[in-house]
Amino acid sequence: MRDAVQSDSGASVGFIAGMPKAELHVHHVGSASPRIVAELAERHPGVVPRDPAALRDFFEFSDFAHFIEVYLAVVDLIRTPEDIRLLTYEVAREMAQGQSLRYAELTCTPYTSVIRGIPIEAYSEAIEDARAAALRDFGLRLQWIYDIPGESGIPAADATLDYVLNHPTDGLVAFGLGGPEVGVPRPQFAAHFAAARAAGLHSVPHAGETTGPQTIWDALTVLGAERIGHGTSAAQDPALLAHLAHSGIALEVCPSSNIATRAVERLEDHPIRVFRDAGVTVTVNSDDPPMFGTTLNHEYEIAAELLGLDRAGIGELAKTAVRVSFADEAFKDGLCAEIDAYVGNV
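Enquirer: How should I be thinking about the side chain of S325 in this particular structure?
Expert: Structurally, the position occupied by S325 is in the loop between α15 (311-323) and α16 (329-345). Separated by 2.7 Å, the side chain of S325 and the backbone oxygen of V322 make a polar contact. In this structure the side chain of S325 is engaged in a polar contact, spanning 3.3 Å, whose partner is the backbone nitrogen of A327.

Take a look at the structure:
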C-alpha cells in the first residue's frame, strides 16, 4: 500500500516541511508576510493596516481585480531602497526557515518601485545585497525574474526592458509578464520579449489564469514562453495539453492562489490532475503566499492530496521544480541528490 500523504497528518506535514525545495513562481512584494507588511506600514502609515490580525481581513479578495488593488496598496509601502532591502531579506528568511527552500526564482516588478521614486540603480543594489545576505545567512539561493506589470502597458514594458538590458544584476535570469490578463493582450509585448531573449534571458509570462487557452498559445508562439505562469485554462484545450506535454514546457501551478482570485471555484475542481494525466510537466508554487494565506509547504500538501502522491511522488514533484529551473546544471544535480537523500532517509 502506498504511503499516502494527507494534509491533516502531522508526520506527513513534517515530511513536506523538511524536504529541500525550489520555488519558481513567487512574487517579491506578494511574499511580504503580515509581519513584514506591518513593519512597512509602521514606517509609512496609510491605507494598509499596521495590525497583523487586521491584515488578514485586508487580504480577503472578492476577485482578481480586487487582488490587484490590494497588491498595489502594499507596493505603495515600499518607498526607499532600505524598504526594498528589508523586504527582500525578510522574505528570504521566511522562505528558508520552516520551508526548507534552497532555491527560488523571485518575480520582481522594479517598474512599480521606480515610478514611486526609487532609482533602478538603488533598487538593483538593494536586492543584490539582500541576495548575498540570504545565501550567507540562510543557505538560500535567489535569482530574479523581472516582470512587466501588464496593467501599466507599453510604458512599463519599455522601462522593464531597459532595466534588463542596461541595468542587469548578477541574479537576473528571466523576463516575465504579470498583472491582469483581461484587456492586456500578450502579442503587444512581442518585441520586448524578443529583445530580452536575445540578451540571454528566459521567457516566463503569466498566461491562462483568468483568460482562456488562446492567451497561453500567444505566450508560447508570440512571447517564446519556456514556462507558463499558472496556465489554468490549458485544461480546456486538448490540443494545447498535447503541445505542452510534447514540448515539456512546464506549468507553474498555484492552487491556493487560483481559489483566492476565483480563477478556480473549488480545490477539488482544480485542473492539476488533468495536467498530470495529460503528461504535462507541473511544478507547485505559492504565488503571493501571505496574501493567499498559504505557504509552499501547504501547496505541496494540497498537491499531494489532489494527485494522490506518496513520499516518493512528492520528492519527484520537488525535483521537477529543480529540473525546470534556470539554475546551473551542477546546482540542479546537487539539489536533486539532496532531495533523493532526504526522501530515502525520512
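Enquirer: Help me understand the confidence of the model for the chain in this model?
Expert: In low-pLDDT segments, the atomic positions of the prediction should not be examined closely. Across the chain, the average pLDDT comes to 92, with 97% of residues at or above 70. Between residues 1-11, whose pLDDT stays under 50, and residues either more than four places distant or in other chains, the model counts 22 contacts.

Enquirer: What am I meant to see in the pattern of salt bridges here?
Expert: Where charged atoms from two side chains of opposite charge come close, those side chains can pair. Summed over the entire model, instances satisfying the criterion amount to 21 salt bridges. In this structure, E316 and K319 form a salt bridge, with 2.9 Å as the shortest nitrogen-oxygen distance. In this pair, E316 and K319 are both assigned in helix α15, three residues apart and thus about one turn of the helix distant. K319 gets classed as buried once you look at its relative accessible area, which sits at 7%. In this structure, R323 and E316 form a salt bridge, with 3.7 Å as the shortest nitrogen-oxygen distance. On the accessibility criterion, E316 (38% relative accessible area) is partly exposed. A single network of salt bridges, built from pairs that share partners, joins R35, E90, R93 and E94.

Enquirer: Looking at this structure, I do not really get the state of the cysteines. What am I missing?
Expert: The term disulfide refers to a covalent linkage connecting the sulfur atoms of a pair of cysteines. Under the definition given, this model contains zero disulfides. Lacking any disulfide linkage, C108 is separated from the closest cysteine sulfur, that of C254, by 16 Å. A relative accessible area of 0% places C108 in the buried class. Considering cysteine sulfurs only, C254 is the nearest to C336, which forms no disulfide, with 20 Å between them. The exposure class of C336 is buried, given its relative accessible area of 12%.

Enquirer: Is there a simple way to explain the packing of aromatic side chains in this structure?
Expert: Describing an aromatic ring pair means giving the distance of the ring centres and the angle of the ring planes. By the definition in use, this model includes five aromatic pairs. Judged by centre distance (5.5 Å) and plane angle (45°), the ring pair of Y103 and F331 falls under tilted. Here the residue Y103 occupies a position in strand β2 (residues 101-108), and F331 occupies one in helix α16, the gap between them amounting to 228 residues. With a relative accessible area of 0%, Y103 lands in the buried category. You can call F331 partly exposed: its relative accessible area is 22%. Arranged with centres 4.8 Å apart and planes meeting at 70°, the rings of F175 and F193 form a pair that is edge-to-face. Of this pair, F175 sits in strand β4 (residues 172-178) while F193 sits in helix α9 (residues 190-198), placing them 18 residues apart in sequence. Judged by relative accessible area, F193 falls into the buried class, the value being 0%. Above the ring of Y89, the side-chain terminus of R85 is found at 4.8 Å from the ring centroid.

Calculation notes
- Residues numbered from 1 in each chain as written.
- Predicted model: local features only at pLDDT ≥ 70, side-chain atom pairs only at ≥ 80, totals over all residues.
- Heavy atoms only, no water.
- Helix = DSSP H or I, 4+ residues; strand = E, 2+ residues; numbered from the N terminus.
- Polar contact = N/O pair within 3.5 Å; in protein donor to acceptor, adjacent residues only side chain to side chain.
- pLDDT = per-residue confidence, 0-100.
- Contact = heavy atoms within 4.5 Å.
- Salt bridge = Lys/Arg side-chain N within 4 Å of Asp/Glu carboxyl O.
- Buried < 20%, exposed > 50% of the residue type's maximum accessible area, 1.4 Å probe, protein only.
- Disulfide = S-S within 2.5 Å.
- Phe/Tyr/Trp six-rings, centres within 6.5 Å; stacked < 30°, edge-to-face > 60°.
- Lys NZ or Arg CZ within 6 Å of the ring centre and 35° of its normal.

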